[in-house]
Amino acid sequence: MFTLVIGGAASGKSEYAESRVVRLPGRRIYLATMRPWDQECRARIARHRRLRQDKGFETLERYTDLAGAEVPAGANVLLECMSNLTANELYDPEGGGQEAVLRGVDALLARCGHLTVVTNEVFSGGTACEEDTLRYLRALARINRLLAARADTVAEVICGLPNYLKGGPLP
Amino acid sequence: MIFVTGPLLAGKQSCICAALGISPDEFARRAVRDVQELAAAAPDLPALAEALSRREIVIATEVGGGLVPTDPAERAAREAAGRLSCLLAERADTVIRVCCGLPQVLKGHLPC
């Protein structure tokens, strides 16, 4: 099973995604993609760690090459988030571009139990962007569309509430 | 008229082509896209909406989601684009929002 969760900044998408994953039986792996560049990143990571403490997640950090992540077979994986991973693959010297992201998702789907991916809605702020920004937007938009097409459930989170574009709540 | 809105690069065109079973060429003939770009220069938005509503498929990209632009012209253009979308949605038989390539019907229903 594959769930895609999309939302804007501070929309409650992480909490919603976690609330779905904690209802699944078995091991829970939180696949963290944000590289702790600076104090702000570290504070954001600490906030997310607090949010999911006591929810039974094992944290696995992976900034690029998702396909190489050592995820226990059959575990339920929450990947957060696609916008960071895409930036890492596009801009890191060791990054493999958007194809590395898609290969990684394939590998996860083949290996894990239920996969939940959190991604960002960053496409409604106007169309006037510089070419490099547009390159990133095109890559993330394509990844989002391809993942949404494959997912069983796609939830757009607004003010913490899911708007189901596909599928629905867990039974 | 079918009014289609959604974020940038959301797959609005391919989604509508699939829903209506039409080719990209046919889509190009039957649809007018990026109408948000027409709003800023329009002296009369209701008249523009009226003219556009005579087309079969009208597509606009959502541009009102970010911070208020500091540039007055960009600010006015964004405002006009949002107002135009509301006017088009009012006049449309069907309003569809596409996100991540997935359509959601906000008004009416997709013609089969």
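Residues numbered from 1 in each chain as written. Chains lettered and ligands numbered in written order. Predicted model: local features only at pLDDT ≥ 70, side-chain atom pairs only at ≥ 80, totals over all residues.

Overview of the overall build of chain A
- Along the backbone of chain A there are 5 helices and 7 strands.
- Secondary structure elements in chain A, listed N-terminal to C-terminal, are β-α-β-α-β-β-α-α-β-α-β-β.
- Here the C-alpha radius of gyration of chain A, 15 Å, is about what a compact globule of 171 residues would show, namely 16 Å.
- With the C-alpha coordinates of chain A rotated into their principal frame, the extents come out at 45 × 35 × 30 Å.
- Of all 171 residues assigned to chain A, the portion counted as buried reaches 39%.
- When contacts within chain A are restricted to residue pairs at least 6 apart in sequence, long-range pairs at least 24 apart make up 78% of them. (Helix = DSSP H or I, 4+ residues; strand = E, 2+ residues; numbered from the N terminus. Rg over C-alpha atoms; globule rule 2.2 N^0.38 Å. Buried ≥ 20, exposed ≤ 12 C-beta atoms within 10 Å, placed from the backbone. Contact = placed C-beta atoms within 7 Å.)

Observations concerning the confidence of the model for chain B
- On average, residues of chain B score 94 in pLDDT, and 99% of them are at 70 or above.
- When the elements of chain B are averaged for pLDDT, helix H5 (residues 72-91) of chain B gives the smallest value, 93, and helix H4 (residues 45-52) of chain B the largest, 98. (pLDDT = per-residue confidence, 0-100.)

Brief notes about unusual backbone geometry
- For the peptide bond that leads from Glu 80 of chain A to Cys 81 of chain A, omega is -10 degrees, which places it in the cis range.
- Assignment of secondary structure puts Cys 81 of chain A in the loop between strand S4 (76-80) and helix H3 (82-91).
- For Asp 65 of chain A, which is not a glycine, the phi torsion comes out positive at approximately 50 degrees.
- If you trace the backbone, Asp 65 of chain A turns up in the loop between strand S3 (57-61) and S4.
- Positive phi is not limited to glycine here, since Asp 34 of chain B has a value of about 55 degrees.
- Mapped onto the elements of the fold, Asp 34 of chain B is located in the loop between strand S2 (31-32) and helix H3 (36-39).
- Asp 34 of chain B sits in the exposed class, given 10 other C-beta atoms within 10 Å.

Concerning the sheet that holds strand S3 (residues 57-59) of chain B
Residues and elements named next belong to chain B.
- Reading across the sheet, the 5 strands line up as S2-S3-S1-S4-S5 and stay open at both edges, with mixed pairing between neighbours. Where the open sheet ends on each side, the last strands, each with one partner, are S2 and strand S5 (102-107).
- Looking at chain direction, strand S4 (residues 94-99) and S5 are connected through 5 bridges and run antiparallel. Paired with Arg 97 across the bridge in S5 is Gln 104.
- Lying over the sheet, H5 contacts strand S1 (2-5), S3, S4 and S5, oriented at roughly 145 degrees with respect to S1. (Pairing = 2+ DSSP bridges. Axes fitted to C-alpha atoms, helices over the stretch in contact; angles between N-to-C directions.)

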